[in-house]
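A closer look at the structure
Each chain, letter by letter, is given below.
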Amino acid sequence: MGSTRTDAGEDRLTEQLPEEALELVAFLTRSEHRLRVLDLLDGSERTREELRQGTSVTRVTLSRILGDLTDRGLVAADATGDSYERTDYGDLVYRDVVQLLGTAAVGQAYPGVVERLPTERFDFDLRCLADGTHITGEHADPVAGARAVADAAREAAECEAVVGTFTSLPMYAFEEAVAAGEEPDVAVVFDARVTETMLTDPALREKWQQIEAANETTVYYGVDDRVPYTVDLVGGDTVFLTVDRDREGGFDVIRCDHPEVVAWARRTVEEHRAAATPLAELSDDE
């Protein structure tokens, strides 16, 4: 993490922080209404009445909250004293506090998983992910999550994916759907490592070629970069986020339908799809 000194005799970071900084974090996290006011002021100025309606607090409580936030330099009023906006300092503090709360929420929801999540690639509030379900955590079967993804993909009319943690179960589920005469709309982008496997493993290579031949369209693509997760967008409204386990077999899978997570997954797939090459073309180059 880089926040704790390791030299003997040196103080830890928390012992060096000014008491005022710790008090500020405690002040904000003790009240959801204070954070809600800062959230409502995200990039826009709002009147007292708009803030009151957005928080459902009394006018007296809102006045106290605004006074406290103003005293701490997090918000500022206009000349009339009726409209407020976040200060630049307030923007920075709010961003970092939200990130802290997001990490804590996801850590509580998915213990042992949060440190393996590719949070640097997320552009959504991490707290959104806490609304999901840790599928693998419900089962002893180490590939239970992969089975859940395969089952969802089999039943959906559409599925898009960026794959960095490969399991063949969704591929076989798609093959079964095609064989049954169904025509699901599927597009899968493999990262560099999985792409190499798809091109060099004879059985897998034959499998995806058979699927594309039966479906009469391009299904599988490859990209040059490495992706440390798999994201499946199933049915346009459900995301399955898969990460490898560190020292044991299987995967951890989080299912989430929060709109911000769904929007992130859609952008992720679109960005990788735009940079991808059909596996059939890459196979021809082999």
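Residues numbered from 1 in each chain as written. Predicted model: local features only at pLDDT ≥ 70, side-chain atom pairs only at ≥ 80, totals over all residues. Heavy atoms only, no water.

Residue-level pLDDT values for the chain average 85, and 89% of them are 70 or greater. Ranking the helices and strands of the chain by mean pLDDT puts strand β11 (residues 277–278) first, with 96, and helix α1 (residues 13–16) last, with 56. pLDDT under 50 marks residues 1–10. Its contacts with residues more than four places away, or in other chains, come to 5 contacts. (pLDDT = per-residue confidence, 0-100. Helix = DSSP H or I, 4+ residues; strand = E, 2+ residues; numbered from the N terminus. Contact = heavy atoms within 4.5 Å.)

In total, this model carries 5 aromatic pairs according to the counting rule given. Aromatic pair F124 and W264: ring centres 5.6 Å apart, planes at 70°, arrangement edge-to-face. Of the two residues, F124 sits in the loop between α6 (88–109) and β4 (133–134) while W264 sits in helix α11 (residues 259–274), which places them 140 residues apart along the sequence. Of the two residues, F124 and W264, neither departs from the other in class, the shared state being buried. Plain terms: the ring middles of Y229 and W264 are 6.0 Å apart, the flat faces sit at 45° to each other, and that makes the pair tilted. In this pair, Y229 is assigned in the loop between β7 (220–222) and β8 (230–234) and W264 in helix α11, connecting sequence segments 35 residues apart. In this structure Y229 comes out as buried when scored by relative accessible area, which is 2%. (Phe/Tyr/Trp six-rings, centres within 6.5 Å; stacked < 30°, edge-to-face > 60°. Buried < 20%, exposed > 50% of the residue type's maximum accessible area, 1.4 Å probe, protein only.)

A few words now on empty space enclosed by the protein. A water-sized probe rolled over the atoms picks out the places where empty space is left. Applying the stated criterion to the full structure yields 1 cavity of 30 Å³ or more. Quantified by volume, the largest cavity comes out at close to 330 Å³. Around the largest cavity, the lining is made up of 26 residues, and of these V163, T167, P170, M171 and D232 lie nearest the centre. Elements with a contribution of two residues or more to the lining of the largest cavity: α7 (144–155), β5 (158–163), α8 (169–179), β6 (185–190), β8 and β10 (251–256). Grouping the constituent residues of the lining of the largest cavity by class yields 19 nonpolar, 5 polar and 2 charged. (1 Å grid on protein atoms, 1.4 Å probe; cavity = no way out; pocket = protein on both sides within 12 Å on 5 of 7 lines; lining within 4 Å. Points joined across faces, edges and corners; volume = space filled by probe spheres on them. Nonpolar A, V, L, I, M, F, W, Y, C, P; charged D, E, K, R; others polar.)

Let's shift gears to α8. Within α8, the full set of buried residues consists of M171, A173, F174, A177 and V178. What you see down the axis of α8 is that its buried residues fit within an arc of 160°, all on one side. On its buried face, α8 sits against α7, β6, α9 (192–200), α10 (202–215) and β7. In the segment just after α8, G181 is the residue with positive phi, at about 90°. (Arc of directions from axis to C-beta.)

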